[in-house]
Amino acid sequence: MILTRLLAAGLALVAAPAFAASCTVSSSGVSFGGYDPLSRSDNRSTGSIKLTCDAAVTATVSLTPGQGSYSVREMSNGRSPLAYNLYVDPQHTIIWGDGTGSSNSVPAQGEVVTLPLYGAIPARQNVTAGSYSDTLVVTVSY
């Protein structure tokens, strides 16, 4: 009986992977270009997040809210906020986040995965002229 347990434990150890996958993540970011506060249309743009691993993984990709919240992210030029958000889908209905605050993380599977990132700045915001930015952290869990 002891021999059977040891053999089963030994087989389980042999069947375990010899190494864990190593991954890197990069982003093209979302560049909205110029924003016209008098336009009646949202300013939309796309970017991407690329996951590159040395072996196939099943992962979850999450984003922090940046300066705002998941419901309303904010870019700023130091003085003035500009509301925007990032989405999983081109219809701009599913907010990309970490699964909290009405947001969703995104599944990824494979060795090299490129995930599209959809952004929108709502129309008719009264903001000052300037360069606006926000910084988010991408987290990959696998």
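What counts as what
- Counting of residues starts from 1 at the beginning of each chain's written sequence and follows it residue by residue.
- Local features are withheld for residues below a pLDDT of 70 in this predicted model, meaning they are given only at 70 or higher, and side-chain atom pairs are given and counted only at 80 or more; totals for whole chains, interfaces and linings count all residues.
- Computation of side-chain values covers all heavy atoms of the structure but excludes hydrogens and water.
- Only when DSSP finds a minimum of two bridges between them are two strands counted as paired.
- Counting from the N terminus, the helices are DSSP H or I runs at least four residues long and the strands are E runs at least two residues long.
- Confidence scores here are pLDDT values: one per residue, from the predictor, ranging 0 to 100.
- By definition, residues are in contact when any of their heavy atoms lie within 4.5 Å.
- Stacked, tilted and edge-to-face are the three classes applied to pairs of Phe, Tyr and Trp rings, where Trp contributes its six-membered ring and a pair requires centres within 6.5 Å; stacked means planes under 30 degrees apart, edge-to-face means over 60, and tilted covers the rest.
- Relative accessibility decides the category of a residue: with a 1.4 Å probe and only protein chains considered, values under 20% of the type maximum give buried, values over 50% give exposed, and everything between is partly exposed.
- By the criterion applied in these results, polar contacts are pairs of N or O atoms within 3.5 Å in which, for protein atoms, one can donate a hydrogen and the other can accept it, and in which residues neighboring in sequence qualify only through two side-chain atoms.
- A pair of sulfur atoms, both from cysteines and within 2.5 Å, is called a disulfide here.
- For our purposes a nonpolar core is just a set of buried Ala, Val, Leu, Ile, Met, Phe, Trp, Tyr and Cys residues, chained together by side-chain atoms within 4.5 Å.

Caption draft 1: Summary view of the pairing of strand β5 (residues 106-121). Bridging between strand β2 (residues 43-63) and β5 involves 15 bridges; their strand directions are antiparallel. Considered in β5, the bridge of T52 is made with V112. Here three bridges tie strand β4 (residues 81-87) to β5, and the two strands are oriented antiparallel to one another. By the bridge assignment, Y87 is partnered in β5 with Y118.

Caption draft 2: Structural view of the confidence of the model for the protein chain. Confidence in the prediction of the protein chain, expressed as mean pLDDT, is 88, and 87% of residues score 70 or more. Contacts for the low-pLDDT stretch residues 1-17, under 50 throughout, to residues beyond four places or in other chains number zero contacts.

Caption draft 3: Representation of the packing of aromatic side chains within the structure. As enumerated under the stated definition, the model contains one aromatic pair in all. A ring pair is formed by F32 and Y84, whose centres lie 6.3 Å apart and whose planes are at 70°; its orientation type is edge-to-face. Placement of F32 in the loop between β1 (23-27) and β2 and of Y84 in strand β4 is noted, with a sequence separation of 52 residues between them. The same class applies to F32 and to Y84, which are both buried.

Caption draft 4: Just the environment of D54, in detail. Along the polypeptide, D54 turns up in strand β2. For D54, a relative accessible area of 48% gives the class partly exposed. Between the alpha carbons of D54 and E111 there is a distance of 6.3 Å; along the sequence they are 57 residues apart. At 2.9 Å, the side chain of D54 forms a polar contact with the backbone nitrogen of S22.

Caption draft 5: Broad picture of the state of the cysteines. What the rule picks out here adds up to one disulfide. Here C23 engages in a disulfide with C53; their sulfurs sit 2.0 Å apart. Disulfide C23 to C53: torsion about the S-S bond roughly 110°, handedness right-handed. Within this pair, whereas C23 is found in strand β1, its partner C53 is found in strand β2, the two being separated by 30 residues in sequence. Of the residues examined, C53 reaches a relative accessible area of 7% and is grouped as buried.

Caption draft 6: Structural detail: the nonpolar core. M75, L82, W96, L115 and I121 are the most contacted members of the largest nonpolar core, which has 24 residues in total. Of all elements in the fold, only β2, β4 and β5 reach the threshold of two or more residues within this core. The dominant element in this core, judged by the number of residues it contributes, is β2, at eight residues. Grouped together as the second largest cluster of nonpolar side chains are five residues, Y70, Y87, Y118 and A120 included.

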